[in-house]
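# Close look at the chain arrangement
Listed below are the residues making up each chain.
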Amino acid sequence: MKLRTVTATRYVTPLREGGSLPAIVEADDAGLYVLKFRGAGQGPKVLVAELIAGELARAAGLAVPDIVFIELDADLARTEPDPEIQHLIRASAGLNLALDYLPGSVTFDPIADEPDAALASAIVWLDAFVSNVDRTPRNANMLMWHRKLWLIDHGAALYFHHGWSGGSDLSQDPFTRVKDHILLKFAGTLREADAALAARLTPQIIRDIVAVAPDAWLMADSPFATPGDARNAYIQHLTRRLQAPRAFLEEALRARSQLV
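Let us look at the packing of helix H5 (residues 203–211) against helix H7 (residues 227–241). How two helices pack is summed up by the angle between their axes together with the distance between the axes. H7 packs onto H5 with a crossing angle of 150° between their chain directions and a minimal axis gap of 10 Å. Crossing hand, H5 versus H7: right-handed. Side by side, H5 and H7 meet where Pro203, Ile206, Arg207, Val210 and Ala211 of the first sit next to Arg231, Tyr234, Ile235, Leu238 and Thr239 of the second. The residue makeup of the contact of H5 with H7, split by class, is seven nonpolar, one polar and two charged.

With that settled, the discussion passes to the sheet that holds strand E8 (residues 148–151). Pairing is antiparallel in the open sheet, where three strands are placed in the order E6-E7-E8. Of all the strands in the sheet, the pair left with one neighbour each is strand E6 (106–107) and E8. Two strands pair when backbone bridges link them, and strand E7 (residues 142–145) and E8 are joined in this way by four bridges, in the antiparallel orientation. Paired with Leu143 across the strands is Trp150, a residue of E8.

Here H7 is 15 residues long and its end C-alpha atoms lie 21 Å apart, about the 21 Å a rise of 1.5 Å per residue gives. Of the positions making up H7, those classed as buried are Ala230, Arg231, Ala233, Tyr234, Ile235, His237, Leu238 and Arg241. In this fold, the buried residues of H7 make contact with helix H1 (44–59), helix H3 (117–129), H5, helix H6 (215–218) and helix H8 (247–257).

Let us look at the packing of aromatic side chains. Evaluated as defined, the whole model comprises nine aromatic pairs. Look at Trp125 and Phe248: their rings are 5.4 Å apart centre to centre, the planes differ by 70°, and that puts the pair in the edge-to-face class. With Trp125 in helix H3 and Phe248 in helix H8, this pair connects stretches of sequence that are 123 residues apart. Its relative accessible area of 1% is what places Phe248 among the buried residues. Taking the centre distance of 5.4 Å and the plane angle of 85° together, the rings of Trp164 and Phe224 count as edge-to-face. On the criterion of sequence distance, the pair formed by Trp164 in the loop between E8 and helix H4 (190–200) and Phe224 in the loop between H6 and H7 is long-range, its members being 60 residues apart. A relative accessible area of 11% means that Trp164 is categorised as buried. Relative accessible area serves as the criterion here: at 13%, Phe224 is assigned to the buried category. Aromatic ring contacts, followed pair by pair, group Phe160, Trp164, Phe224 and Tyr234 into a single cluster. Above the plane of the ring of Trp150 lies Lys148, whose end atom (NZ or CZ) is 5.4 Å from the centre.

Moving on, we come to the environment of Asp180. In this structure, Asp180 sits in the loop between E8 and H4. On the accessibility criterion, Asp180 (35% relative accessible area) is partly exposed. Along the sequence, Asp180 and Arg207 sit 27 residues apart, while their C-alpha atoms lie 30 Å from each other. Excluding anything up to four places from it in sequence, Asp180 contacts Arg135, Thr136 and Pro137.

Packing of H1 against H5 brings their axes to within 9 Å, and their N-to-C directions diverge by 140°. Considering how the two elements wind past one another, H1 and H5 form a crossing that is right-handed. Where H1 approaches H5, its residues Leu51, Ile52, Glu55, Leu56 and Ala59 are matched on the opposing element by Ile205, Ile206, Ile209 and Val210.

Thresholds applied
- Residues numbered from 1 in each chain as written.
- Predicted model: local features only at pLDDT ≥ 70, side-chain atom pairs only at ≥ 80, totals over all residues.
- Heavy atoms only, no water.
- Axes fitted to C-alpha atoms, helices over the stretch in contact; angles between N-to-C directions.
- Helix = DSSP H or I, 4+ residues; strand = E, 2+ residues; numbered from the N terminus.
- Left-handed = near helix turned anticlockwise from the far one by under 90°.
- Contact = heavy atoms within 4.5 Å.
- Nonpolar A, V, L, I, M, F, W, Y, C, P; charged D, E, K, R; others polar.
- Pairing = 2+ DSSP bridges.
- Expected span 1.5 Å × (residues − 1).
- Buried < 20%, exposed > 50% of the residue type's maximum accessible area, 1.4 Å probe, protein only.
- Phe/Tyr/Trp six-rings, centres within 6.5 Å; stacked < 30°, edge-to-face > 60°.
- Lys NZ or Arg CZ within 6 Å of the ring centre and 35° of its normal.

Structure representation (structure tokens):
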């Protein structure tokens, strides 16, 4: 697979509800994008998680806005009066990541927009697979757009890589934080989702997605000697995590049994 690359031409507005201060920008294809800054927060690893988890979700058949690479020129900071944003733009000059902006979308409301069991189960399963800690009642990171549920903001997934050591194997982590998932109570067909999605996310799909991550992002604060070693570690983690029995599935089933 291959991501498109666009160039940011205009900084439109910050999205201050995000901890890393993402922004809406216009690009040279006349499109609007939600830009995730490489120089924000925990750095490039957040972008790696956004890319890998987002594209895995798409491969699983879930709706995710188009993800693109986006080039950012430090000169865009000159027209921004906020010193914090000026610094963020300058610190992120070069290659960043962005998602297609969904105009008119609204934040998912589990009361007004209750999903069916199959969709809820697929999303819970996917988030448990990629260890996404940030799909909770406090911050759903889902949008309703054209009466369809869209997944956004996967930067908190694969959270273990922030403290990764080269020899560690966390592929069998049960992901106990699935108990906090906003859709868990609706996820009544987790075993069916498991059977379908574990078959759908083949090792080749995983390799193709991980291959897209830029070498420089993979090597940021990395315990690995080369980008290839880092890339292989992500591939190994994800493919091992799909091997049966899947501890994260059993944990999700156990956590849901506490709710219903």
